[in-house]
Amino acid sequence: MNYFEFRQQLLRDSFTKDEEFHRLRKEDLRCAQAYADAMNFEKTLKRAFEIKTPDTLKDSIVLRQATQNTNAHLIRRYAIAATIFLTFVIMSSTWYIKQPGPIEKFVIEALMMEPEIYMSDEALPQHQIDELFASLNTKIDGDFGQIHFMKTCPTPGGTGARMVLMTDHGPVTLLYMPKANLNERIDFELEKYRGSIVAMETGAVAINGDNKQQLSYVEARLQNSISML
Amino acid sequence: MKQKERKFDALIGHLSDDLYRFAFWLCKNDALAKDLVQETYLRAWRALDSLKNEKAAKSWIFMILRREFARLFERKVPPISSLDDLDFDIEDTKPMGPDDKLEIDIVRDAILKLDKKYSEPLMLQVVGGFSCEEIAQQLNITKSAVMTQLFRARTKLQAALTRESKIGKAL
């Protein structure tokens, strides 16, 4: 290997393990200088490629991964349908309201922006749910049910949470807004689906499912379970 | 299921940052890159049982990402050929001085101008940390072709750096 070949190798792969290359790097002054220059360039090149990765990247990968089995896929389809339906239901209801309130507006926008709910096929552990509710300055008492998805999100007045609750009659989509002030309950009904936005001890919650019994059950559970810390 | 999750995490869970960077420079767009990485992990999750050689997990997932890019994302890549075309500032992992920043921006600009046949092997080498043999396998070309492309890619980047630095000093 001569100096010219050495420089060519630097441009191809300066981290080669070739013995002749490394011998020249140590023994030949011109090669040593070329190697030092190449290392400086490699440092710049490496830093050029090193961009900051999004903070939410790992979470979004885990959530997407968690949806991947047959049952979860089926459940997710129901959840997606329920969420999309909630969007339509709320939009339909607000059609009749000349000036929709900020909560209705928010719910519509939030669901329109993120119509897909990601779910795990297993219920979230209770401690994780407790921590999430505690981060909202609320607590949950008793058996609330099987929450398969929960994620905090911005809501009117502060942080809230989006959840999917599994019941015997299928998934129910919830959007909990602990800082929202709702003056009166809003009920919706379209075909076999039903939805409500109800006032809670702290804030309000939008509930959507496809069964009256299911909705009543969830609403009662919510009213009895969620309270301020 | 838990066993599969553990295996998945151990083999490729730690590669998300490298995959995102590789995806970003392929897509030249943050949102597309995130989607591409998520899609790659989904594909990998579904196909995990087909991974016979666990030592090749890194090559395997980079291969999936490249295929997903070609299948779904390549046609969506915005026409970007310089840093000025990006509608956002690239966020760096570490703070840097103005001179370093200038050099790095020149190199980034030159990377965006590189033809894919030069930029892809370079990204696989620098971001992925693959050897020339592994890159040849990934791209299904000969090792000597990879070495030629790497040589030309670096020559172009160095030429840009020399040229732009001189302009910078003259100004």
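Rules and cut-offs
Residues numbered from 1 in each chain as written. Chains lettered and ligands numbered in written order. Predicted model: local features only at pLDDT ≥ 70, side-chain atom pairs only at ≥ 80, totals over all residues. Heavy atoms only, no water. Helix = DSSP H or I, 4+ residues; strand = E, 2+ residues; numbered from the N terminus. Buried < 20%, exposed > 50% of the residue type's maximum accessible area, 1.4 Å probe, protein only. Contact = heavy atoms within 4.5 Å. Areas by Shrake-Rupley, 256 points an atom, 1.4 Å probe, with all protein chains shown as cover. Phe/Tyr/Trp six-rings, centres within 6.5 Å; stacked < 30°, edge-to-face > 60°. Buried area = accessible area lost by both parts, 1.4 Å probe. Salt bridge = Lys/Arg side-chain N within 4 Å of Asp/Glu carboxyl O. Polar contact = N/O pair within 3.5 Å; in protein donor to acceptor, adjacent residues only side chain to side chain. Nonpolar A, V, L, I, M, F, W, Y, C, P; charged D, E, K, R; others polar. pLDDT = per-residue confidence, 0-100. Pairing = 2+ DSSP bridges. Axes fitted to C-alpha atoms, helices over the stretch in contact; angles between N-to-C directions. Parallel < 35°, antiparallel > 145°, perpendicular 65-115°, else oblique. Left-handed = near helix turned anticlockwise from the far one by under 90°. Expected span 1.5 Å × (residues − 1).

Student: Please explain the overall build of chain B as it appears in this structure.
Tutor: Helix and strand counts for chain B come out as eight helices and zero strands. The order of α-helices and β-strands along chain B, N terminus first, is α-α-α-α-α-α-α-α. Residue burial in chain B is summarised as follows: out of 171 residues, 46% are buried. Considering only contacts in chain B between residues 6 or more positions apart, those separated by 24 or more positions represent 71%. Counting every atom, chain B has about 8900 Å² of accessible surface; 49% of that belongs to carbon and sulfur.

Student: Mind showing me how you'd approach the overall build of chain A here?
Tutor: In terms of helices and strands, chain A carries eight helices and eight strands. Sorting the 229 residues of chain A into buried and exposed places 49% on the buried side. Contacts in chain A between residues far apart in sequence, at least 24 positions, make up 54% of those at least 6 positions apart. Accessible surface computed for chain A: about 12200 Å², of which carbon and sulfur atoms make up 51%.

Student: Help me understand the packing of aromatic side chains in this model?
Tutor: Given two aromatic rings, one states the distance between the centres and the angle between the planes to describe the pair. Applying the stated criterion across every chain, the model contains 10 aromatic pairs over all chains. Residues A:Phe21 and A:Tyr35 carry aromatic rings whose centres are separated by 6.1 Å and whose planes lie at 65° to one another, so their mutual orientation is edge-to-face. On the criterion of sequence distance, the pair formed by A:Phe21 in helix α2 (residues 19-27) and A:Tyr35 in helix α3 (residues 29-49) is long-range, its members being 14 residues apart. Ring plane angle 65° and centroid distance 5.8 Å describe the contact between B:Phe8 and B:Tyr41, whose orientation is recorded as edge-to-face. Note that B:Phe8 is positioned in helix α1 (residues 2-12) and B:Tyr41 in helix α3 (residues 30-46), a separation of 33 residues in sequence. The same class applies to B:Phe8 and to B:Tyr41, which are both buried.

Student: Is there a simple way to explain the interface of chain B and chain A in this structure?
Tutor: It is common to give the size of an interface as the accessible area that goes away when the parts come together. Counting from both sides, the interface comprises 46 residues of chain B and, opposite them, 29 residues of chain A. Summed over both sides, the interface of chain B with chain A buries roughly 3700 Å², with 62% coming from carbon and sulfur. On the chain B side of the contact with chain A, B:Gln38, B:Phe151 and B:Arg154 bury the most area, a combined 16% of that side's loss. Counting across the chain B and chain A interface gives one salt bridge. Residue B:Arg154 is joined to A:Glu42 by a salt bridge in which the shortest nitrogen-to-oxygen separation is 2.6 Å. Applying the counting criterion to the chain B and chain A interface returns 11 residue pairs in polar contact (both at pLDDT 80 or more). Those elements that place two or more of their residues in the side of chain B that touches chain A are α1, α2 (16-27), α3, α5 (98-113), α6 (116-126) and α8 (143-170) of chain B. With nine residues, α3(B) is the single largest residue contributor to the side of chain B that touches chain A. Here the residues of the side of chain B that touches chain A are counted per class, giving 25 nonpolar, six polar and 15 charged.

Student: When you look at the confidence of the model for chain A in this model, what are you seeing that I'm missing?
Tutor: Any region with low pLDDT has predicted coordinates that should not be read closely. Overall, the predicted model of chain A reaches an average pLDDT of 75, with 70% of residues at or above 70. When pLDDT is averaged over each element of chain A, α3(A) comes out on top at 91 and helix α5 (residues 70-95) of chain A at the bottom at 57.

Student: What should I look at first to understand the pairing of strand β4 (residues 170-177) of chain A in this one?
Tutor: In the case of a regular strand, side chains alternate between the two sheet surfaces. Residue and element names in this part refer to chain A. Within β4, eight of the eight residues are buried, which leaves the element mostly enclosed by the surrounding structure. The pairing of strand β3 (residues 158-167) with β4 spans seven bridges and is antiparallel. Bridge pairing in β4 places Thr 167 opposite Gly 170. Hairpin connection from β3 to β4: two residues lie between these consecutive antiparallel strands.

Student: Got a minute to help me understand the packing of α3(A) against α5(B) in this structure?
Tutor: Relative orientation and spacing of two packed helices are given, respectively, by the angle between their axes and the distance between those axes. Remark: α3(A) packs on α5(B), axes separated minimally by 9 Å, with the N-to-C direction vectors making an angle of 70°. Of the possible angle classes, the one that applies to α3(A) and α5(B) is roughly perpendicular. Contacts between α3(A) and α5(B) involve A:Thr44, A:Leu45, A:Arg47, A:Ala48 and A:Phe49 from the former and B:Asp100, B:Glu103, B:Ile104, B:Val107, B:Arg108 and B:Ile111 from the latter. Split into classes, the residues belonging to the contact of α3(A) with α5(B) amount to six nonpolar, one polar and four charged.

Student: Got a minute to help me understand the packing of helix α4 (residues 57-73) of chain B against helix α7 (residues 132-139) of chain B in this structure?
Tutor: Residue and element names in this part refer to chain B. Direction vectors running N to C along α4 and α7 enclose 40°, while the axes themselves pass 10 Å from each other. Relative to α7, the element α4 is oriented oblique. Seen from above, α4 lies across α7 with right-handed handedness. Together, Ser 59, Phe 62, Met 63 and Arg 66 of α4 and Gln 137, Gln 138 and Leu 139 of α7 make up the contact between the two elements.

Student: Explanation requested: α6(B) in the structure shown.
Tutor: Think of an α-helix as 3.6 residues a turn; residues three or four steps apart then line up on the same face. Residues and elements named next belong to chain B. Burial analysis of α6 places nine of its 11 residues in the buried class, the great majority of the element. Restricting attention to buried positions, one finds in α6 the residues Tyr 118, Ser 119, Glu 120, Pro 121, Leu 122, Met 123, Leu 124, Gln 125 and Val 126. For α6, the side-chain oxygen to backbone nitrogen distance between the N-cap and Lys 117 is 3.1 Å, and the N-cap itself is Asp 115.

Student: I tried to follow unusual backbone geometry on my own but got confused; where do I start?
Tutor: With the exception of glycine, most residues fall at negative phi, and the peptide bonds are largely trans. Residue and element names in this part refer to chain B. Although it is not a glycine, Lys 28 adopts a positive phi angle of roughly 60°. By the secondary structure assignment, Lys 28 is in the loop between α2 and α3. The buried category is assigned to Lys 28, whose relative accessible area is 18%.

Student: Looking at this structure, I do not really get α5(B). What am I missing?
Tutor: Taking 1.5 Å as the rise per residue, α5(B) with 16 residues should run 22 Å; its terminal C-alpha atoms sit 23 Å apart, in good agreement. Among the residues of α5(B), B:Ile104, B:Ile106, B:Val107, B:Arg108, B:Asp109, B:Ala110, B:Ile111 and B:Leu112 are the ones counted as buried.

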